[in-house]
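# Overview (structure and organization)
For reference, the chains in residue letters:
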Amino acid sequence: MSSSNNNLSFLDLGNIPSAKNLKFGIVVSKWNKQITDNLLKGCLDLLLQKGASKNDIEVIYVPGSFELVYGCKVMQDKSFNAIIAIGSVIKGETKHFDFICNSTSIGIKDLNVSGKSPVIFCVLTDDNLQQSIDRSGGKYGNKGTEAAIAAIEMSLI
Ligand code: DLZ
C-alpha cells in the first residue's frame, strides 16, 4: 500500500467538495506529538480552505493512539458530520506496535459500523520516525490533508 501511488495531497483543491456548514470533530493523540501536530495542521488547513468555519471544528486530545477509539466514541455522541482520528504509531522493539495498531484500527472500524457519524482513520503506522515525517508534511505529502478530504466526502454521503 504505497503512499507514492495515492498521494491525495497533490489533488486539485477545486475538485474537492465544499466543507461550508459542515461540522467536524478531530481527536488527536499526543504520542509522537511533533508528527500528530503536523497531521492536525494539514487537516485544519484543508478544512478551512474548503470553507469550514473554525467554530464548526472541535479538537480534543487523548494520551495515545490506543485512546483514540474512546475519544471518537465520545465525539460520536455530538452532532458532527464526520470525525477524524489522528495518531502516529512508530514501531519499537516490542509487540506494543501491533497491539496498538490492531486495536485502534479495529476499534475505529467498529465505530463506523455502529456509530451515527463516520470516523476517518488518520493514524500513521510506520517503521521509523523518518517515514512518519515523510507522511506528515514531508515528501509524501500530509496524510492529515487526505483525511480532511475523506471527512468532507464522507459527510456528504
Ligand atoms: C505505549 C505506547 C507506545 C510504546 N508507543 C506508542 C506509539 O508509537 N504511538 C502512540 O500513539 N501511542 C503509543 N503508546 C501509548 C498508547 O497508545 C497508550 O496511550 C498507552 O498504552 C496507555 O493506554
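Relevant structure appears above.
Residues numbered from 1 in each chain as written. Predicted model: local features only at pLDDT ≥ 70, side-chain atom pairs only at ≥ 80, totals over all residues. Heavy atoms only, no water.

### Points about the pattern of salt bridges
Per the stated rule, a full pass over the model turns up six salt bridges. With a closest N to O distance of 3.0 Å, K33 and D37 form a salt bridge. With K33 and D37 both in helix α1 (residues 33-49), this residue pair falls four residues apart, about one helical turn. Given the relative accessible area of 37%, K33 is considered partly exposed. (Salt bridge = Lys/Arg side-chain N within 4 Å of Asp/Glu carboxyl O. Helix = DSSP H or I, 4+ residues; strand = E, 2+ residues; numbered from the N terminus. Buried < 20%, exposed > 50% of the residue type's maximum accessible area, 1.4 Å probe, protein only.)

### Quick look at the nonpolar core
The nonpolar side chains of soluble globular proteins are, as a tendency, buried together. By size, the foremost hydrophobic cluster in this structure holds 25 residues, and its most contacted members are F24, I26, C43, L47, I84, I86 and I152. Mapped by element, the contributors of at least two residues to this core are β1 (24-29), α1, β3 (82-90), β4 (119-126) and α5 (143-155). Ranked by the residues each element gives to this core, the list is headed by α1, at six residues. F24 has contacts with A19, L47, A52, D56, I57, E58, F80, A82, A151, I152 and S155, leaving out every residue within four places of it along the chain. Membership of the second largest hydrophobic core comes to 17 residues, among which are L68, V89, L111 and V119. (Core = buried A, V, L, I, M, F, W, Y, C linked by side-chain atoms within 4.5 Å. Contact = heavy atoms within 4.5 Å.)

In short, geometric facts, not functional conclusions.
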